[in-house]
Amino acid sequence: MTASGEGRIGFLCATDQPVFGEVAERLREQDFSVRFFDPHSAVSPTQIDELNLLVNKQVFPVTLPALRYAHRTETPL
């Protein structure tokens, strides 16, 4: 993953989470594509396949399948 617009990072947390919000802004300034996913909703395999990295703040039961899929497909967590 490079900072040339090729890096796609997903965050499993609320968009108003202060720490990850700041991190996301800094990543965007470096030309990374950042997407937030609702931590209380399922994330599909297709959505994970589009990412180079998946970050989560807190694990909820609904996100476990997405985290398992990311792990199986070697998407860095």
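Since this is a predicted model, take the numbers as computed values, not measurements.

Participant: What am I meant to see in helix H3 (residues 64-72) here?
Facilitator: In an α-helix, one full turn covers 3.6 residues, which means residues spaced three or four apart are oriented alike. Residues Ala66, Leu67, Tyr69 and Ala70 constitute the buried set of H3. The arc enclosing the buried residues of H3, seen along the axis, measures out at 160°, which places them on a common side. Relative to its buried face, H3 has exposed residues pointing more than 90 degrees away, namely His71 and Arg72. Immediately downstream of H3, the backbone of Glu74 shows phi near 65°, a positive value.

Participant: What exactly am I supposed to notice about the sheet that holds strand E2 (residues 33-37) here?
Facilitator: Pairing between the strands of a sheet comes from backbone hydrogen bonds, and it takes one of two forms, parallel or antiparallel. Read from one edge of the open sheet, three strands run E2-E1-E3, paired in parallel fashion. This sheet does not close on itself; its edge strands, each paired only once, are E2 and strand E3 (53-56). Between one strand and the next, the sheet's axes are offset by a mean angle of 20°, whatever the strand orientation. Pairing analysis gives four bridges linking strand E1 (residues 8-12) to E3, with the strands arranged parallel. Opposite Phe11, over in E3, you have Val55 as the bridge partner.

Participant: In this structure, what is going on with the packing of aromatic side chains? I would like to understand it.
Facilitator: Given two aromatic rings, their pairing is described by the distance between the two centres and the angle made by the two planes. Counting across every chain of the model gives two aromatic pairs. A centroid spacing of 5.2 Å and a plane angle of 20° characterise the contact between Phe11 and Phe36, whose relative ring orientation is stacked. Note that Phe11 is positioned in strand E1 and Phe36 in strand E2, a separation of 25 residues in sequence. Comparing Phe11 with Phe36 shows no difference in burial state: the two are buried. Put simply, the rings of Phe11, Phe20 and Phe36 pair up and form one aromatic cluster.

Quick notes on the rules
Residues numbered from 1 in each chain as written. Predicted model: local features only at pLDDT ≥ 70, side-chain atom pairs only at ≥ 80, totals over all residues. Heavy atoms only, no water. Buried < 20%, exposed > 50% of the residue type's maximum accessible area, 1.4 Å probe, protein only. Helix = DSSP H or I, 4+ residues; strand = E, 2+ residues; numbered from the N terminus. Arc of directions from axis to C-beta. Pairing = 2+ DSSP bridges. Axes fitted to C-alpha atoms, helices over the stretch in contact; angles between N-to-C directions. Phe/Tyr/Trp six-rings, centres within 6.5 Å; stacked < 30°, edge-to-face > 60°.

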